[in-house]
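What follows is each chain in one-letter form.
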Amino acid sequence: MVLIIEKVKYTRRIVFHPEYTNADFIGQILPEMENSGIKYNFIPGNFTKILKDAYRNPDKNFALIIEEINRGNAAAIFGDVFQLLDRLNENETDYSANDQFTYTCGWSKYGIDNTDIIHEIFKGKDGKYEPLFLKFGNQNLKLNYNSAIRLPPNLSIYATMNTSDQNVFTLDNAFQRRWDMQLVKNECTDSKQMDSKITVKDTYITWKDFQEQINKVIGEKSNESGLSSMEDKRLGCWFVKAENGIISAETFANKVLKYL
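A brief report on the enclosed structure follows. (Residues numbered from 1 in each chain as written. Predicted model: local features only at pLDDT ≥ 70, side-chain atom pairs only at ≥ 80, totals over all residues. Heavy atoms only, no water.)

Our next topic: a nonpolar patch on the surface. On the surface, Ile29, Met33, Ile38 and Tyr40 cluster together into a nonpolar patch covering about 510 Å² of accessible area. At the level of elements, β2 (27-34) and β3 (37-44) are the ones that each hand at least two residues to the nonpolar patch. With respect to the secondary-structure elements, methionine 33 resides in strand β2. The class of methionine 33 is exposed, set by a relative accessible area of 63%. (Patch = residues over 30% accessible without salt bridge, like charges linked within 9 Å, V, L, I, M, F, W, Y side chains within 5 Å. Areas by Shrake-Rupley, 256 points an atom, 1.4 Å probe, with all protein chains shown as cover. Salt bridge = Lys/Arg side-chain N within 4 Å of Asp/Glu carboxyl O. Helix = DSSP H or I, 4+ residues; strand = E, 2+ residues; numbered from the N terminus. Buried < 20%, exposed > 50% of the residue type's maximum accessible area, 1.4 Å probe, protein only.)

Laid out in C-alpha cells, this is it:
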C-alpha cells in the first residue's frame, strides 16, 4: 500500500550525499552535558523521528521524502532498515505472538530488532519510557521492549534520483526491486518558464522551442550511436530559470552552452 503524496500532510524531507551515513539516517549515541557530568544519549535521525511520529499518530499519514537517493550509498545508509521496505499486500497477514497483533496490508512483511529505535518510540515528551498501546484500524497494538520494528501502513517512503547523474552510487538490484519505480517525463506546464525568451542582441527564441529542438537532436544522436542512455542528457525545463520572462545571453552561455 502506497499513500498518495498529495494527501500526506506530515512529511520530512532529506537529501542523500556521499557523507550521509546510517548514523545520520537512523540515529547515533552522542555525549551530552548533564548537570556536572557527561551522559551518552541516543540522538534520533530523520528516519527514526518520522517513524516515531507515525507510530504515535496512527490516524495520520506520514511520508519520508529522500531526494537524490543515489548520491549516497543507499544500501549502507539504510542498513537493516532495508528489510522493512517489503510490505504486506492485500490479503497477506503476519502474526506476532510477542505483540499479540496481526500485521495486515501496508505493514512491513518482516521486522528488525533495534533497541535504540524502540526506546525512542517509547520516549514521551516528559522523557519517560513507557510501552505503547496503539490502535491501528480495529486492532490494538501493544509495543514492548521486545517488539520488532516494522514500517506502519500510515508511513510511506518516497525517493527521487536522476539516472544521468555522474559519479554517484549505483543502486543494487536487491535494493531497487523493493521500490515501485516511476519515470517522470521531461514535461513542463509552467507557461512563464517555457515561453521565456533567450535573447541575443535583437533576436530571440523561446526556451520551449530551443529545449524541444535540442532534445530532439540529442535523441537522434543517441539512436544513431546506439546509446539509449544519452536520452537522460536531455535538457529539463528548469535547467536554466528565466528571470522576468528572459534568459539572458550570458546565463544561456554559462549554463546551457557549457553543458552542451
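What follows deals with the packing of aromatic side chains. Aromatic rings considered in pairs are described by the distance between their centres and by the relative angle of their planes. All told, the structure shown has 20 aromatic pairs when counted by the stated rule. Where tyrosine 55 meets phenylalanine 136, the ring centres are 6.4 Å apart and the plane angle is 85°; that geometry is what we call edge-to-face. Separated by 81 residues along the polypeptide, tyrosine 55 in helix α2 (residues 46-56) and phenylalanine 136 in strand β7 (residues 132-136) bring together distant segments of the chain. The buried category is assigned to tyrosine 55, whose relative accessible area is 0%. Aromatic pair phenylalanine 101 and tryptophan 107: ring centres 5.7 Å apart, planes at 70°, arrangement edge-to-face. Taken as a pair, phenylalanine 101 and tryptophan 107 share a single burial class, namely buried. Its guanidinium or amino end placed over the ring of tyrosine 103, arginine 150 lies 3.9 Å from that ring's centre, counting from NZ or CZ. The ring of tyrosine 204 carries the charged tip of lysine 197 above its face, separated from the ring centre by 4.4 Å. (Phe/Tyr/Trp six-rings, centres within 6.5 Å; stacked < 30°, edge-to-face > 60°. Lys NZ or Arg CZ within 6 Å of the ring centre and 35° of its normal.)

What follows is about α2. Judged by how many residues are buried, α2 sits mostly within the fold: eight of 11 residues are covered. Every buried residue belonging to α2 is among Asn46, Phe47, Thr48, Ile50, Leu51, Lys52, Ala54 and Tyr55, and all of these are buried.

So, about unusual backbone geometry. In this structure, asparagine 91 is a non-glycine residue whose phi angle is positive, near 75°. You can see asparagine 91 is positioned in the loop between α3 (74-78) and β5 (94-96). Within the chain, glutamine 100 stands out as a residue other than glycine whose phi angle is a positive 50°. Among the structural elements, glutamine 100 can be located in the loop between β5 and β6 (101-103).

Moving on, we come to the sheet that holds strand β10 (residues 197-200). With respect to topology, three strands assemble into an open sheet ordered β11-β10-β12, the strand pairing being mixed. Of all the strands in the sheet, the pair left with one neighbour each is β11 (203-206) and β12 (246-248). Each strand of the sheet is rotated relative to its neighbour by a mean of 30°, with strand direction disregarded. In this sheet, β12 lies alongside β10 in parallel orientation, the contact comprising three bridges. Across the sheet, the residue bridging to isoleucine 198 is isoleucine 247, located in β12. (Pairing = 2+ DSSP bridges. Axes fitted to C-alpha atoms, helices over the stretch in contact; angles between N-to-C directions.)

Nothing here speaks to function; it is all geometry.
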